[in-house]
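# Examining the three-dimensional arrangement
This is what each chain is made of:
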Amino acid sequence: MPVIYDVSMRILSGIQPSGTMHIGNYLGAVKQWVDSQNPEAYYCVVDLHALTLEIEPAALREQTTDCVASLLAAGLDPEVCTLFIQSHVPFHAQLSWLLECVSSYGELSRMTQFKEKADRQEGYRVGLLTYPVLMAADILLYSAQQVPVGDDQRQHLELTRNVAERFNNRYGEIFTIPEGVHPPAAARVMDLQEPSRKMSKSISSPLGSIYVLDEPAEIEKKIKKAVTDTENEVRFDWETKPGLSNLLEIFSSFEGSSPEVIASRYTGYGALKSDLATLVIESLAPIAERYRELRSDPTAINAVVLHGDDKAAQVAGPVYRRAAAAMGLI
Ligand code: AQP
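No experiment lies behind these values; they were computed from the predicted model shown.

### Some words on the packing of aromatic side chains
In total, this model carries nine aromatic pairs according to the counting rule given. Geometrically, the ring pair formed by Phe167 and Tyr171 is tilted, given 5.0 Å between the ring centres and 50° between the ring planes. Placement of both Phe167 and Tyr171 in helix H8 (residues 154-171) is noted, with a separation of four residues, approximately one turn of the helix. The partly exposed category is assigned to Tyr171, whose relative accessible area is 25%. An aromatic cluster of at least three residues, connected via ring pairs, comprises Tyr42, Phe84 and Tyr142.

### As for the domain arrangement of the protein chain
Split into domains, the protein chain comes out as domain 1 (11-187 + 298-326) and domain 2 (216-292). Here the C-alpha centroids of domain 1 and domain 2 sit 30 Å apart. The interface of domain 1 with domain 2 comprises 12 residues on the first partner and nine residues on the second. Inspection of the region where domain 1 meets domain 2 yields three residue pairs in polar contact (both at pLDDT 80 or more). Its residues assigned to classes, the side of domain 1 that touches domain 2 shows nine nonpolar, one polar and two charged.

### Remarks on the pairing of strand E2 (residues 41-45)
Of all the five residues making up E2, five are buried; the element is thus mostly covered by neighbouring parts of the structure. Burial of E2 is two-sided: the residues Ala41, Tyr43 and Val45 facing one way and the residues Tyr42 and Cys44 facing the other way are all buried. For strand E1 (residues 11-15) and E2, the ladder comprises five bridges, and the chain directions are parallel. Its bridge partner being in E2, Ile11 is matched across the sheet by Ala41. Handedness of the crossover joining E1 and E2 through helix H1 (residues 23-36) is recorded here as right-handed. In terms of strand pairing, E2 meets strand E3 (residues 82-85) through four bridges, oriented parallel.

### Brief notes about empty space enclosed by the protein
What the rule picks out here adds up to one cavity of 30 Å³ or more. In this structure, the largest cavity occupies an estimated 40 Å³ of space. Mapped by element, the contributors of at least two residues to the lining of the largest cavity are helix H6 (112-119) and helix H7 (126-140). For the lining of the largest cavity, the per-class residue count stands at five nonpolar, two polar and one charged.

Calculation notes
- Residues numbered from 1 in each chain as written.
- Predicted model: local features only at pLDDT ≥ 70, side-chain atom pairs only at ≥ 80, totals over all residues.
- Heavy atoms only, no water.
- Phe/Tyr/Trp six-rings, centres within 6.5 Å; stacked < 30°, edge-to-face > 60°.
- Helix = DSSP H or I, 4+ residues; strand = E, 2+ residues; numbered from the N terminus.
- Buried < 20%, exposed > 50% of the residue type's maximum accessible area, 1.4 Å probe, protein only.
- Domains from an automatic or database assignment.
- Contact = heavy atoms within 4.5 Å.
- Polar contact = N/O pair within 3.5 Å; in protein donor to acceptor, adjacent residues only side chain to side chain.
- Nonpolar A, V, L, I, M, F, W, Y, C, P; charged D, E, K, R; others polar.
- Pairing = 2+ DSSP bridges.
- Right-handed = clockwise from strand over helix to strand, strands pointing away.
- 1 Å grid on protein atoms, 1.4 Å probe; cavity = no way out; pocket = protein on both sides within 12 Å on 5 of 7 lines; lining within 4 Å.
- Points joined across faces, edges and corners; volume = space filled by probe spheres on them.

And the structure:
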């Protein structure tokens, strides 16, 4: 499949340390980060975003380091790109406040992800509502031209563009207007048990998500038990066969052939599931192995992050100061 990024462009993207990376995160975002990494690419573990839902402090600490190790294991090279932790660069929270003051309650309350997550709990946190503004700050601080993200982030990216344009019109041309970049296949990997819902770290059913660090037997079991339909005709058709089409997109993203071509090779679901399990297990095994090596040395992980934090702050600081000055802060 063609590389869809222009590697001369400034890139920014992030991932929440809200749980173990699943194949939705990997295929929808992280795999593209690895393919597009270059000295102008900035990737961050967005730990402030993980505070929008209840999370144990000890779990957040562990998961943040796990997340950095997973990104390195997936192939990010800190000699090539910049990998940092969002909360270590205070300009993110600072710019977020400035941008909240050019955003409206109406536009934030219309965000689908906010409505879905708020519906699942009583007394949701204000941060759940304002999270897309913090995401806008993450992107705009780096003057990112491209933002490689899964399909679920389209709406938040549109909000970022709107807020940036509004700011520029009112206070002067400070921000670059970014574009979202989505992978050709598996831009939205669905839950294997509920194919109408996206695969998610925080709200998936036990067999619904395949995690990058799952054991081979778990991967096999989850794919075998994935919900399909009562027919046995292998056809790529999201309308009538969402469960099967999800499997075909996952297959396509790991293998590189189109979902239609893959479908044409099979006459029954059993063989397709069995081959897909083998492919996923073989594709993820080197990542899991590398992860275990890296995770055993937290000091080395910390050194990578410190270096990245520093590089990120050097880019973000001047943009924040220009934005603050444009608004009248002295
Ligand atoms: N199911 C998905 N399919 C394709 N891409 C996905 N992404 C997330 N889920 C899918 C992409 O992964 C990147 C990092 O996502 P995130 O950590 O910021 O969290 P999220 O989008 O809110 O997704 P999760 O994994 O489901 O986390 P929780 O449950 O904590 O909200 C993003 O580029 C996202 O598009």
